[in-house]
Amino acid sequence: CNGLLSPTEGSRTMRLTKVESHHHGDSKSCRFPKWLTEHHQWHTLDHSKTFHFSPRNATLKESVSPAGSPSKVQMRAVCHSYETDSDTQARIVVHITIGCQSGYSCFVFYKRDGHVIELQHSKNSTSQPEDACHPNNFNPQTLPFTTLITSSPELRQCPFVGRYLVSEGNTASASKQMLEEKITCDQQYQALLVGCGPEHTMEFHSQCSSEAVAAYSCHADWSDSNATTRYLIASPLSRKSVGARRYCFVMYNSPETGQSALLQVATVTESCHRHVLPGATGQYWAFNMTQHGKCGDSSGERTSPMSAALIYIVTVTLTVLSQVLVLR
């Protein structure tokens, strides 16, 4: 700009030449893995965020969709280099741009199913790519997971197939609003059938109707590395326009010496959160579930909980959000 005294001087024409960005380095051919870009668009369970891969599979854009507002690009990530890569997991250094800020970040993608993935990424960006995945910047034990699904996830067989009796559990953990509401007979669930009709369906039944009063379709499930926690993606077969699109059922297997195995389940509406404690807060509604045989058993699901408890010894506790259990 030497010699220019005002914005009105100089040529009105500029020649722009496209060059590779400096953050590509020597990895001009860096592309996100094929199993990740097989679907170019992914959503969080509540569809509040969308992740879109470019046609060349080198760029990822994250868009947010506030309620009642058009989507807005929040982050742009360009593939820089691979740290590790396999058929089910990839650790990638990316160059991210958020507004006017940019730097290098560590992204780890986990394949849970062909239509379900999870993402962990470092909170802070670095100025050098080799520092992005350093343990000081990326700790997989503490970073949250973002669960992503396709627009139309496929159906899968539900885990824990069988018949269960449901009785009211830890009411102390129920929300005050739920305790004050008048619960109708249809909302007092007595039985749960898992995979007894279509193998991908879970059905809740009440004591006053033979028809299912709440039903969910299963899409994918997986266990953590210690096989103590299981995660299930499910969607309600019917919902209000403001209801959740998908749920993540987080199931904890906590066997105790001399007692039956305890299974606690919490539902989350945006991602499969780790370290969720079912029943620990007033947001959860607790139910006791007693195994009542296999799907093909001829005994009815209306057997009283007391008599069933004398026959079956496997007891599980189901904890779900109040908004899931009250079918509006």
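Refer to the structure presented above.
Residues numbered from 1 in each chain as written. Predicted model: local features only at pLDDT ≥ 70, side-chain atom pairs only at ≥ 80, totals over all residues. Heavy atoms only, no water.

S.K.: What is the right way to read the overall build of the protein chain from this model?
M.R.: For the protein chain, the count of helices and strands is four helices and 17 strands. For the protein chain, the residues scored as buried account for 43% of the 328 residues in total. (Helix = DSSP H or I, 4+ residues; strand = E, 2+ residues; numbered from the N terminus. Buried < 20%, exposed > 50% of the residue type's maximum accessible area, 1.4 Å probe, protein only.)

S.K.: Honestly, the sheet that holds strand S2 (residues 49-53) in this entry has me stumped. Any pointers?
M.R.: Where strands meet in a sheet, backbone hydrogen bonds hold them as pairs that are either parallel or antiparallel. If you walk around this closed barrel you meet the eight strands as S1-S2-S3-S4-S5-S6-S7-S8, and the pairing is antiparallel. On average, each strand axis in the sheet is inclined to that of its neighbour by 35 degrees, with strand direction left out of account. In this sheet, strand S8 (residues 146-149) lies alongside strand S7 (residues 116-121) in antiparallel orientation, the contact comprising four bridges. Residue Glu 118 lies in a different strand from S8, and its bridge partner there is Thr 147. (Pairing = 2+ DSSP bridges. Axes fitted to C-alpha atoms, helices over the stretch in contact; angles between N-to-C directions.)

S.K.: Hey, could you run me through the nonpolar core in this one?
M.R.: For soluble globular proteins, the rule of thumb is that nonpolar side chains tend to be buried together. Ranked by internal contacts, the top residues of the largest apolar core, which has 20 residues, are Phe 32, Leu 36, Leu 60, Ile 92, Val 94, Phe 107 and Phe 109. Secondary-structure elements contributing two or more residues to this core are helix H1 (34-37), S2, strand S4 (72-85), strand S5 (89-98), strand S6 (101-113) and S7. Per-element accounting of this core gives the leading share, four residues, to S5. Once residues within four sequence positions are removed from consideration, Phe 107 is found in contact with Leu 60, Met 75, Ala 77, Ala 90, Arg 91, Ile 92, Val 94, Ile 96, Leu 119, Gln 120 and His 121. Ranked by size, the runner-up nonpolar core spans 16 residues in total, among them Met 202, Phe 204, Leu 232 and Met 251. (Core = buried A, V, L, I, M, F, W, Y, C linked by side-chain atoms within 4.5 Å. Contact = heavy atoms within 4.5 Å.)

S.K.: Looking at this structure, I do not really get the state of the cysteines. What am I missing?
M.R.: A covalent bond between the sulfur atoms of two cysteines is referred to as a disulfide. In the structure shown here, the tally under the stated rule is five disulfides. One disulfide bridge connects Cys 106 with Cys 133, the sulfur atoms lying 2.1 Å from each other. Classification of the bridge connecting Cys 106 and Cys 133 rests on its S-S torsion, roughly 95 degrees, and on that basis the disulfide is right-handed. In this pair, Cys 106 is assigned in strand S6 and Cys 133 in the loop between S7 and S8, connecting sequence segments 27 residues apart. For Cys 106, a relative accessible area of 0% puts it in the buried group. (Disulfide = S-S within 2.5 Å.)

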